[in-house]
Amino acid sequence: MRNFIFAMAVVLSFFVFSGCGENGEASNDAFPERSKKSTQDDRQDNEDGDAPSEMENSVAAPALQAFEIDTETEKYGQVKGNISFFPGGSAVTVYTNGNGKESIEGQITTEPKWSLDGTKAAFMVVDLEDLWSFGKTYSLYTVTEELQLIDEGVVDFKLSASGDAIVYAKALDSDEEIAELWLYSDGKKTIISDEYYTGSSNVNFAVSPKGDAVSYVVRNDDGYVGFIWDGKAQEFGKDVEPFAISDGAKYVYYKDNSGYFVQKGTNKDTMQEIGGDFFANIDLSQLVFSSEEGTFIIRDGDEKELLAGSRIMTGFVVPYGTAIRSEERLTIYSIANFSDTFYLSNRSSGDGLNIYHINDGYKANITAYTNGQVYLSNDGKTLVYDSAGGIYKVNGMLDKPEEDEVIVEENVEYFFATVAGDSLFFVSEDGEIFYQNGKATPVLVSNNATMYTKDYNAFRALSYNTSMWYNSADLSSFTNDHILDYSLFQGNTLFYSVDGELFSSSGNMGDAVDIDGTVESLTADPFNVFAYTNDKRYYRSSDGRNFDIMM
């Protein structure tokens, strides 16, 4: 993902400084034609022993969503907050969680960070006169319903997934690459170390989801030493670089010169090697990753368990609006555990992806094959996906799925399934948009939708908000040159443009939306619709009807 991932499993949460990933659109022409029966046949695909192929794109996903999950009522925690940033000119404009608007003088030069549920964020700004200076420091702010200055002289920070804690480094000696490491939590600041090793450009610390534990590196007489802090400091390894730590410091994840590892706290005897990009549950007690031997899961720091043979996993499929947060090589999902979930993996031959279901016994079985787009209904059971140009639906919770139901029997360029999974919008090869409700006759929404825009940088500039895309687990369809000019709002309403004019549809022939200027790019998420016009103005709407100028 590179990062910010979508159905949805794509969540793009930033823009200029993306931490989620660069995205674009590839035509389905790259995928071979397949019969309906071939989807069933692919479930017999034997994965063991096959060498993985390179995947150009992997799920990444960006930053937000619900931290506490009521597992009695929901499998997937949802995004609950709406914080957006818009840097421009001499100030940064922040749209707060209460839909207020505040400005801070200075510029953002590093990516803001959001809590998993999107209700809290933290960011740094630098004075304009220091913008190009060497060794510059920043002012660190948090934002919920209002902005709060945390500290100055800051060089880097991380926000816990819950948003309840910030760990940040304050410059001490840039020549020696030594800094102070502080924890801000419950309105209090606590110094963790005055020997924190900044490692030039590396971020050598991590904070647990709840903010009750920190892992970091110091440089002292023993060299580069990794420590765990949960109220007191304890050494866990030498010449290491931590990238994650679980609640209570139960499990620490780190890398050294030989690879990536996990161990139980400071117990070096429990160390296990892990590899690939990493996908974790909400408290980091479960980690899924791929290696040459296959896709594995580690639960509670115990021995890794094989999920499936040697395919490269690319990410989980989750419902629209599910909380996802990505940074570096780690993606955290707002999921209590990975039983009864779905993930995507590349195939042994040809293009496309296999959709896997992880059952209660933590074994994975192929549910279906997709050209690249797959959606999961909000009850976590029904998969809607494309294959051989058509669109299909299946109950993916069954280890032996029934015959896939054919929804659309024609080639489609792109589609969006609505949150319940019982209806969808799709774009034909001729550029027509249709709405399909169950098995009813498709309704023509538009006969002339704009498919792409080339102005990728302008499009990215719309997305410095908590959730740029909540559309699909489509890992193949976004490239730097082609961006879709239609997007789903609140999981049910499609926004699209025709000759620069903005329209919306909830299943009917599209209605024009009043906005000044010619629309060149647009995107939407559960909270906002963003549009960029030819007069270089950015518009934002929280209700899909009334648009305000952001700049």
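Worth saying up front: this structure is predicted, and the values here are computed from it rather than measured. (Residues numbered from 1 in each chain as written. Predicted model: local features only at pLDDT ≥ 70, side-chain atom pairs only at ≥ 80, totals over all residues. Heavy atoms only, no water.)

Undergrad: Explain unusual backbone geometry to me, please; I cannot follow it from the model alone.
TA: In the Ramachandran plot, Asp 300 falls in the positive-phi region, its phi being about 55 degrees despite a non-glycine side chain. Considering the arrangement of structural elements, one finds Asp 300 in the loop between β21 (294-299) and β22 (305-308). With relative accessibility at 40%, the residue Asp 300 sits in the partly exposed group. With a phi angle near 55 degrees, Gln 490 is a residue other than glycine that sits in the positive phi range. With respect to the helices and strands, Gln 490 occurs in the loop between β39 (486-489) and β40 (493-498). Residue Gln 490 is classed as partly exposed on the basis of its relative accessible area of 43%. (Helix = DSSP H or I, 4+ residues; strand = E, 2+ residues; numbered from the N terminus. Buried < 20%, exposed > 50% of the residue type's maximum accessible area, 1.4 Å probe, protein only.)

Undergrad: Explain the pairing of strand β5 (residues 121-125) to me, please; I cannot follow it from the model alone.
TA: As a general feature of sheets, a regular strand has side chains that alternate between the two faces. Most of β5 is tucked away, with five of its five residues classed as buried. Of the two faces of β5, the one carrying Ala 121, Phe 123 and Val 125 and the one carrying Ala 122 and Met 124 are both buried. Pairing of strand β4 (residues 113-114) with β5, which is carried by two bridges, proceeds in the antiparallel orientation. Across the sheet, Trp 114 pairs through a bridge with Ala 121, a residue of β5. Where β4 folds back on β5, the antiparallel hairpin that results is connected by six residues, among which Gly 118 adopts a positive phi of roughly 75 degrees. Relative to strand β6 (residues 138-143), β5 is paired through five bridges, and the arrangement is antiparallel. Counterpart to Ala 121 in the pairing with β6 is Val 143. (Pairing = 2+ DSSP bridges.)

Undergrad: What am I meant to see in the sheet that holds β21 here?
TA: To summarise the sheet geometry, strands pair through backbone hydrogen bonds and adopt either a parallel or an antiparallel arrangement. The strand order across the open sheet formed by six strands is β22-β21-β20-β19-β25-β24, and the pairing between neighbours is mixed. Only two strands of the sheet have a single partner each, and these edge strands are β22 and β24 (324-327). Adjacent strand axes in the sheet meet at a mean angle of 25 degrees, parallel and antiparallel pairs treated alike. When β21 meets β22, the two strands line up antiparallel, connected through three bridges. The partner of Thr 295 across the bridge, within β22, is Ala 308. (Axes fitted to C-alpha atoms, helices over the stretch in contact; angles between N-to-C directions.)

Undergrad: Would you take a moment to explain the side chain of Thr 370 for this structure?
TA: Assignment of secondary structure puts Thr 370 in strand β28 (residues 364-370). Here Gln 373 takes part through its backbone oxygen, which lies 2.9 Å from a polar atom of the side chain of Thr 370. Within the structure, the side chain of Thr 370 is placed 2.7 Å from the side chain of Asp 386, a separation counted as a polar contact. Excluding residues within four positions of it along the chain, Thr 370 makes contact with Gly 352, Leu 353, Ile 355, Tyr 385 and Asp 386. (Polar contact = N/O pair within 3.5 Å; in protein donor to acceptor, adjacent residues only side chain to side chain. Contact = heavy atoms within 4.5 Å.)

Undergrad: Would you mind going over the pattern of salt bridges with me for this structure?
TA: A side chain of one charge can pair with a side chain of the opposite charge if their charged atoms are brought near each other. What the rule picks out here adds up to nine salt bridges. For the salt bridge of Asp 277 with Arg 329, the shortest nitrogen-to-oxygen distance reads 3.5 Å. Here the residue Asp 277 occupies a position in the loop between β18 (267-274) and β19 (278-280), and Arg 329 occupies one in the loop between β24 and β25 (330-333), the gap between them amounting to 52 residues. Judged by relative accessible area, which is 32%, Asp 277 ranks as partly exposed. One salt-bridge network, held together by shared partners, links Asp 151, Lys 170 and Lys 189. (Salt bridge = Lys/Arg side-chain N within 4 Å of Asp/Glu carboxyl O.)

Undergrad: Is there a simple way to think about the sheet that holds strand β46 (residues 548-549) in this case?
TA: Sheet architecture is open: four strands sit in the order β43-β44-β45-β46, paired in antiparallel fashion. Every interior strand has two partners, whereas the edge strands, β43 (519-524) and β46, have only one. Bridge count between β43 and strand β44 (residues 529-533): five bridges; the pairing is antiparallel. The residue of β44 that forms the bridge with Ala 524 is Val 529.

Undergrad: Got a minute to help me understand the pairing of β43 in this structure?
TA: When you tally the buried positions in β43, you get five out of six residues, the bulk of the element. Hairpin remark: β43 followed by β44, antiparallel, with four residues in the connecting loop.

Undergrad: For this particular structure, what's the right way to read the environment of Lys 304?
TA: Mapped onto the fold, Lys 304 is located in the loop between β21 and β22. For the pair Lys 304 and Val 288, spaced 16 residues apart in sequence, the C-alpha separation works out to 9.1 Å. Those residues within four positions of Lys 304 in sequence are excluded, and the remaining contacts are Gln 272, Glu 273, Phe 289, Phe 296, Ile 297 and Ile 298.

Undergrad: So what exactly am I meant to see when it comes to the packing of aromatic side chains here?
TA: One pass over the full model with this rule turns up 29 aromatic pairs. Geometrically, the ring pair formed by Tyr 375 and Phe 415 is tilted, given 5.0 Å between the ring centres and 50 degrees between the ring planes. Remark: Phe 415 occurs in strand β33 (residues 412-417) and Tyr 375 occurs in strand β29 (residues 374-376); sequence separation between them is 40 residues. Judged on exposure class, the residue Tyr 375 and its partner Phe 415 are both buried. Among the aromatic residues, those joined into a ring-pair cluster are Phe 243, Tyr 253, Tyr 260, Phe 278, Phe 289 and Phe 296. Over the aromatic face of Tyr 362 sits the side chain of Arg 299, whose NZ or CZ is 3.9 Å from the ring centroid. (Phe/Tyr/Trp six-rings, centres within 6.5 Å; stacked < 30°, edge-to-face > 60°. Lys NZ or Arg CZ within 6 Å of the ring centre and 35° of its normal.)

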